[in-house]
Amino acid sequence: MAIPCTLTGIHPRSSELIRVSRDHDRARADASALERGIAADYARLEERQAKLGFAPAADGLLRWQDLFRPFSENVKGMRHGTLTRWFENNTFFRQPVVENDLQTDGSFISNYLLHQPGKPFKAVLPGPYTFAVSAEDRHYHGLGKLLPAIAEILAATCRNLPAACQAVQFNEPAIAYNAARNLLRPADWEAIMAGYAILLGGIKAKAYVHTYFGDFAAFASQIMELPVDGFGIDLTETDAQSLASLAGKEAILGLADARNSLVETADNLASRAATALEKIGSKRFYLAPNCDLEFLPLSIAEQKMEALSKAARILEANHG
Amino acid sequence: MAEKLFPAQEIGSLAKPVWHVKKIANRATSPHDLQLLCQWAGQLAVSNETVSETETLLAKQQLTAVDKERMRQLSSIFVVKLFEQAGLDYVYNGEQTRVEMYQHPITYTDGFKFYGEVRSFDNKYYLKAACVGQPQLQKPYHTDEFNFVKTISTKQLKVPITGAYTLADWSFNEHYLKRQPHGNYRQASREAKRELALDLARDIIRPNIKSLVEAGCSFIQIDEPAAATHPDDVPLIVESFNESVKGIGCRFSVHICFSDYQRMFPHIMEMKKCGMFTWEFANRDDNNRAGYKILELFREHNYPGQIGLGVFNVHNDEIEQPELIRDRILFAAKTLGDPAKVYVNPDCGLRTRTWEVAFAKLQNMVAGAALARQEFG
C-alpha cells in the first residue's frame, strides 16, 4: 500500500522569490519577473512533491500573502485591515474587516491557484470558523450570522475550483486553538455545523478539515459531527495516546513540527504515526507537517518533507 | 528639576539610508543617492566634515571592515541629527549599527546557527537562527555603539536592546529540546524554551546591560515584541526580565507591540525594575480612542511607573496631524490619572518608513505633545 504525504498550507519561498518579491514591492522588478519567480518556486515544489510521494500536489499557496488575503482583496463588503498576530507565531496577517454584506462569484480564486492543467491537485482554503473569528466584524454583529456569510463566499469559491481539484482542505487552526483553551461554546459549534452545511453542499472533491495549534482530543467528539472525508490532527500538540477512533474517516497526521528546525528522524515520525493510527484506526491517511511549513526556512522545510517521505516508506514496509 | 510633560522619545529603528545600504553591500551608489545624502545633510545641518567623509567612503571601490564600521557611524550621525531636529527629548542612532534587532545579538552569541529567512508578514522576512548549543556571549555588542552615540548627541540617550524572551521565542530551539526527556512533545518544547530564555537572560542580556551601565548608560529599553505571543508564557517573560536586570541599577523601559495586552496583566506588575512600559497603541486606535482603553488596566493595577505611549502608526505613510496626537495623549493622561506618567513615541521602530515620512510623523508627534502640554498651562 502506498502511503501518501501531503502539504497543509503556505510553503516557504526560496531566497530568489523573496528577493524578487521585495524588488517588486520597491518597483525594482516588474510583474513578469515576479511571475517567473513564483513559477520557478512552484515548479520546484511540484517536482519535490512528485518525487517524495506528496499526492495530490498542493501549490503551497505561493501567491497568497496570508490565508485570507485573496478574499479580503476580492470579496465585496470586505477589506484587509491592521496587521494581526497569527496565533502564537512571529508571523502576522492583515485582518479581514467585514463592513457590508459579503458578495462574490468566487471566480477570483483562479488568479491565486497554481496547478498543472488536468493534473490532480489539492486546494487549501481557510475554514469558515477560523475566517470568521479572525475577521473584524463590523456588519453582521455575531458569529451566528457572520460564519454562514463566510461559508457562502467559500462555497462560491469552491464552485470555481477546476475539475482536477481532487481534494479541498479547510484550515481550521482556530477550532483547535480555541477548543484547547475552552473558548468554544455550544453556540459556536452550532454555527460551525451550519457553516459547513452551506459550504459542503457545493463541493464535488473530497473535503478535509485540518486542525492545528491545539489538542485534537479536546474537540474530537464535536468535530466528528462534520460530514467531511477526513480530519487533520496536530500531533505536536496532541498526545497520540489520547486519541479515539475516527470512525472510518481519513486522517492527515500532522507529525513534523513546522515551527521548529529540529528535523525529526524518519523512525521517530513513523513510530508516532503508528501510535496515532492504532488509536484512530483510519485506513487512509497522509503524513504531514502539523501546519504551514512557511514558519521554516525553505531548506529545513524540504528536509522535513524528505523525513516524512522516508517515514511513509517505513510504514509501508511495516504494513507489508 | 522636574521633566516637562509628555517628553518625546525614539523607540528603536529607523531605515538605513540607501547610500549606507548599498555601500555596505558593496553596491554602487547612484547620483540620486548622493543627491539625497546632500539634501538630508543640508536639512539636518550635518557638518561638512561628516558629509565629506561620507562621500569619500562612498567613492571607494570596496569598503574594508573598518570602513564599513565607520559608514555605520556616519549613518548614525545623520539619524541622531534627524531625531534631534524633529524635536525628540530622548534619542539614539536608529539602530544604524545593527543589521536588525534579532540578527545583531545572535551574531554575537555562540551556540546559534542561521538557516535562512522566515516570513514575518507580506514580503517582509527575517533571518531566523536555531539554538544548536549552549549560548555564550562573544562580547557585549552594544557598548561600542553607545560609546560612539554619546559623543554625537547632547540629548538624553535611551538604548534599545532586544530582550531574552524575544530572542528565545524567535529562535528555533534544537539544543534544549534535544536535552528533554522523550514523552509529551508540547511539554518538552515549553521546558526547552524556558531554559533557553533564562540562559539568554543570565548569560547574554545581563552582561550587555552591565557593560552599558558601566559605560555610563542610564536608560535602557528592553524590546520584547514577542511578549504576549504565548499567553501561557507571560510569567516567563517576567522571569526572564527580572533575571536580565538582576543586581543592576538603571532606568528600564520595556517595549511590547502588536500583542494582546490584556494577557499581560497582572503578571507584569512583578517586573519591579521596569519603570516604563512602551507599547504600540495607535495601530489599533479609532475615533473613540479604542486603542488606548487598555491603559485602564494600568490604573486598576496601581502601576506606579510611566507609559511610553505609541501615538502614531508605523505601518502606513499617513502623517498624523498634531491634533490627533494631542487627543491621544490627553486621553491617555486622563485614563492614567496623571499626565506626568505619559511619554510619547512611535508605536514601534520606524525602519519600514522612508526618512521623509518618519521625519514628518516625528515632527507632528512633537507638535502634538506641545499642544497637549498647553492643556496643562
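Preceding this section is the structure that the text describes.
All values reported here derive from a predicted model rather than from experimental measurement. (Residues numbered from 1 in each chain as written. Chains lettered and ligands numbered in written order. Predicted model: local features only at pLDDT ≥ 70, side-chain atom pairs only at ≥ 80, totals over all residues. Heavy atoms only, no water.)

### Brief notes about the pairing of strand β7 (residues 219–223) of chain B
All names here are of chain B. Using the following cut-off: The buried label applies to any residue whose accessible area, calculated with a 1.4 Å probe on protein chains only, is under 20% of its type's maximum; exposed applies above 50%, and partly exposed to all values in between. Comment: elements are numbered from the N terminus, with helices defined as DSSP H or I runs of at least four residues and strands as E runs of at least two. Two strands pair if DSSP finds at least two bridges between them.
For β7, the tally of buried residues reaches five of five residues, placing the bulk of the element in the interior. Here β7 shows no split at all, with Phe 219, Gln 221 and Asp 223 on one side and Ile 220 and Ile 222 on the other all buried. When strand β5 (residues 159–162) meets β7, the two strands line up parallel, connected through four bridges. Paired with Pro 160 across the bridge in β7 is Gln 221.

### Digging into the interface of chain B and chain A
The condition that has to hold: Throughout, a contact is declared for two residues whenever any of their heavy atoms are within 4.5 Å. By convention, the term buried area covers the 1.4 Å-probe accessible surface removed from two parts as they join, with the contributions of both added. Whenever a carboxyl oxygen of Asp or Glu lies within 4 Å of a side-chain nitrogen of Lys or Arg, that contact is scored as a salt bridge. In the analysis that follows, any N or O atom pair within 3.5 Å is treated as a polar contact, provided that within protein one partner can donate a hydrogen and the other can accept it, and provided that, for residues neighboring in sequence, both atoms belong to side chains.
Taken residue by residue, the interface counts 32 residues in chain B and 35 residues in chain A. Carbon and sulfur atoms make up 44% of the surface buried where chain B meets chain A, a total of about 3100 Å² over both sides. Of all residues in chain B, the largest losses of buried area upon contact with chain A belong to B:Arg119, B:Asn123 and B:Tyr185, amounting jointly to 23% of the total for that side. Between the two partners, chain B and chain A, sit five salt bridges. Put simply, A:Arg69 and B:Asp122 hold a salt bridge, and the shortest N to O gap is 2.6 Å. Linking chain B with chain A are 20 residue pairs in polar contact (both at pLDDT 80 or more), by the criterion used here. Taken together, the elements giving at least two residues each to the side of chain B that touches chain A come down to β2 (109–121), β3 (124–137), β6 (172–173), α8 (175–179) and α9 (185–214) of chain B. It is β2(B) that provides the largest number of residues to the side of chain B that touches chain A, a total of seven residues.

### Thoughts on the pattern of salt bridges
Under the criterion given, the structure shown has 46 salt bridges over all chains. The partner of A:Arg79 in a salt bridge is A:Glu99, and the shortest N-O contact between them spans 3.0 Å. Here the residue A:Arg79 occupies a position in strand β2 (residues 76–85), and A:Glu99 occupies one in strand β3 (residues 92–103), the gap between them amounting to 20 residues. A residue is classified by how much of its surface remains accessible, and A:Glu99, at 37% relative accessible area, is partly exposed. The partner of B:Asp260 in a salt bridge is B:Arg263, with the nearest N and O atoms 3.5 Å apart. On the basis of relative accessibility, which here comes to 31%, the residue B:Arg263 falls in the partly exposed class. One continuous salt-bridge network, built from bridges that share partners, spans A:Asp66, A:Arg69, A:Arg94 and B:Asp122.

### Some remarks on the packing of aromatic side chains
Rules: When two rings of Phe, Tyr or Trp (its six-membered ring) have centres within 6.5 Å they constitute a pair, described as stacked for plane angles under 30 degrees, edge-to-face for angles over 60, and tilted for the intermediate range. For a Lys NZ or an Arg CZ to count as sitting over a ring, it must be within 6 Å of the ring centre and within 35 degrees of the ring normal.
For the coordinates displayed, the defined rule picks out 42 aromatic pairs over all chains. Geometrically, the ring pair formed by A:Trp64 and A:Tyr112 is edge-to-face, given 6.4 Å between the ring centres and 75° between the ring planes. On the criterion of sequence distance, the pair formed by A:Trp64 in the loop between β1 (57–58) and α3 (69–74) and A:Tyr112 in the loop between β3 and β4 (121–126) is long-range, its members being 48 residues apart. On the basis of relative accessible area, A:Trp64 is assigned to the buried category, the value being 0%. Both rings, one in B:Tyr90 and one in B:Tyr343, keep their centres 5.8 Å apart while their planes meet at 45°; by these two values the pair is tilted. One end of the pair, B:Tyr90, is in strand β1 (residues 90–91); the other, B:Tyr343, is in strand β11 (residues 342–345), and 253 residues separate them in sequence. No difference in accessibility class separates B:Tyr90 from B:Tyr343, as the two residues are buried. Geometry around B:Tyr185 places A:Arg272 over its ring, the cationic atom sitting 5.9 Å from the centre. Against the face of B:Phe172 rests B:Lys128, its NZ or CZ located 4.2 Å from the ring centre.

### With respect to the nonpolar core
Nonpolar side chains in soluble globular proteins tend to be buried together. Put simply, the test is: Throughout this description, the term nonpolar core refers to a set of buried Ala, Val, Leu, Ile, Met, Phe, Trp, Tyr and Cys residues connected via side-chain atoms within 4.5 Å.
Counting 236 residues, the largest nonpolar core has A:Leu253, A:Leu287 and B:Phe298 as its most contacted members. Ranked by the residues each element gives to this core, the list is headed by α9(B), at 11 residues. Setting aside residues no more than four positions away along its own chain, A:Leu287 makes contact with A:Ile3, A:Pro4, A:Cys5, A:Thr6, A:Leu253, A:Leu255, A:Ala273, A:Leu308, A:Ala311, A:Ala312 and A:Leu315. Counting residues in each nonpolar core, the second largest holds five residues, with A:Ala167, A:Tyr208, A:Ile252 and A:Ala288 among its members.

### Observations concerning helix α2 (residues 31–52) of chain A
Residues and elements named next belong to chain A. What counts is decided by this rule: By this rule, a helix spans an expected 1.5 Å times one less than how many residues it contains.
When the terminal C-alpha atoms of α2 are compared, their 31 Å separation across 22 residues agrees well with the 32 Å that a helix rising 1.5 Å per residue should span. Residues Ala 33, Leu 34, Gly 37, Ile 38, Asp 41, Tyr 42, Leu 45, Glu 46, Gln 49 and Leu 52 constitute the buried set of α2. In the core, the buried residues of α2 are packed alongside α1 (15–25), β1 and α10 (298–318).

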